[in-house]
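# Remarks on the overall topology
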Amino acid sequence: MAALGRAGAALLLRPARGAAGPALGYHKKVVDHYENPRNVGSLDRNAKNVGTGLVGAPACGDVMKLQVEVDENGRIVEARFKTFGCGSAIASSSLATEWVKGKTVDEALKIKNTDIAKELCLPPVKLHCSMLAEDAIKAALADYKLKQHPKKEEPEQKAN
């Protein structure tokens, strides 16, 4: 879609002339996050203080990667995403990265898909996009936590 430019992309998200009202199109908040996505990109997935979550919805083909960078006090200082999917999936990812920044890990885990859906005014048919965003946050934070407490190596077995 990048080749279409902003105007072309916006046309794909808006209902056709004569369409029966805004219910067939995207809400202006979704269009805003789609046309002006926040925090697109990647962080160093090998860094110990970066958690990466990769989730997908096989039914619709949406794939979402969300990464968080956590400081030494347990506060999320940076977030990035890359999403392959519809406008609602991109908007949900973009909003999720905005919301997690500045929160502690525990505070970020309290973000629910229903909050994302409500903020973006997602219709029921697009609720799976907000669910993916919640799952991506949880997966990124689980990855971060795993890196903080790696499994201790088993003591070597002594040969008798």
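Here's what I pulled together on the structure shown here. Fair warning: this is a prediction, and the values are worked out from it, not measured in the lab.

Rules used throughout
Residues numbered from 1 in each chain as written. Predicted model: local features only at pLDDT ≥ 70, side-chain atom pairs only at ≥ 80, totals over all residues. Heavy atoms only, no water. Pairing = 2+ DSSP bridges. Helix = DSSP H or I, 4+ residues; strand = E, 2+ residues; numbered from the N terminus. Buried < 20%, exposed > 50% of the residue type's maximum accessible area, 1.4 Å probe, protein only. Contact = heavy atoms within 4.5 Å. Core = buried A, V, L, I, M, F, W, Y, C linked by side-chain atoms within 4.5 Å. Salt bridge = Lys/Arg side-chain N within 4 Å of Asp/Glu carboxyl O.

### Topic: the pairing of strand β3 (residues 76-84)
- Inspection of the sheet shows strand β2 (residues 62-70) paired to β3 by eight bridges, in the antiparallel sense. Note that in β3 the partner of glutamine 67 across the bridge is arginine 80.
- Between β2 and β3, which pair antiparallel and follow one another directly, the connecting turn spans five residues, one of which, glycine 74, has a positive phi of 80 degrees.

### Here's the deal with the environment of glutamate 98
- Summarising the element assignment, glutamate 98 is placed in helix α3 (residues 87-100).
- Residue glutamate 98 is classed as partly exposed on the basis of its relative accessible area of 35%.
- Sequence separation between glutamate 98 and arginine 38 is 60 residues, and the spatial gap between their C-alpha atoms is 7.2 Å.
- Those residues in contact with glutamate 98 that lie beyond four places of it in its chain are His33, Arg38 and Asn39.

### What to know about the nonpolar core
- In this structure, Val68 and Val100 are the most contacted members of the largest nonpolar core, which totals 30 residues.
- Elements represented by at least two residues in this core include exactly β1 (50-57), β2, β3, α3, α4 (105-108), α5 (113-120) and α6 (127-148).
- Ranked by residue count, the leading element in this core is α6, at eight residues.
- The contacts of valine 100, once residues within four sequence positions are left out, are Val68, Ile76, Ala79, Ala108, Ile111 and Ile137.

### Looking at the pattern of salt bridges
- Tallied over the full model, the rule gives nine salt bridges.
- Here glutamate 78 ties to arginine 80 by a salt bridge, and the two come within 3.0 Å at their closest N and O atoms.
- The shortest N-O distance in the salt bridge between lysine 101 and glutamate 78 comes to 3.5 Å. Remark: glutamate 78 occurs in strand β3 and lysine 101 occurs in the loop between α3 and α4; sequence separation between them is 23 residues.
- Salt bridges sharing common partners tie together Asp32, Arg38 and Glu98.

### Describing the environment of aspartate 115
- Structurally, the position occupied by aspartate 115 is in helix α5.
- Sequence spacing of aspartate 115 and glutamate 134 is 19 residues, and the spatial spacing of their C-alpha atoms is 9.6 Å.
- In contact with aspartate 115, not counting residues within four places along its chain, are Trp99 and Lys110.

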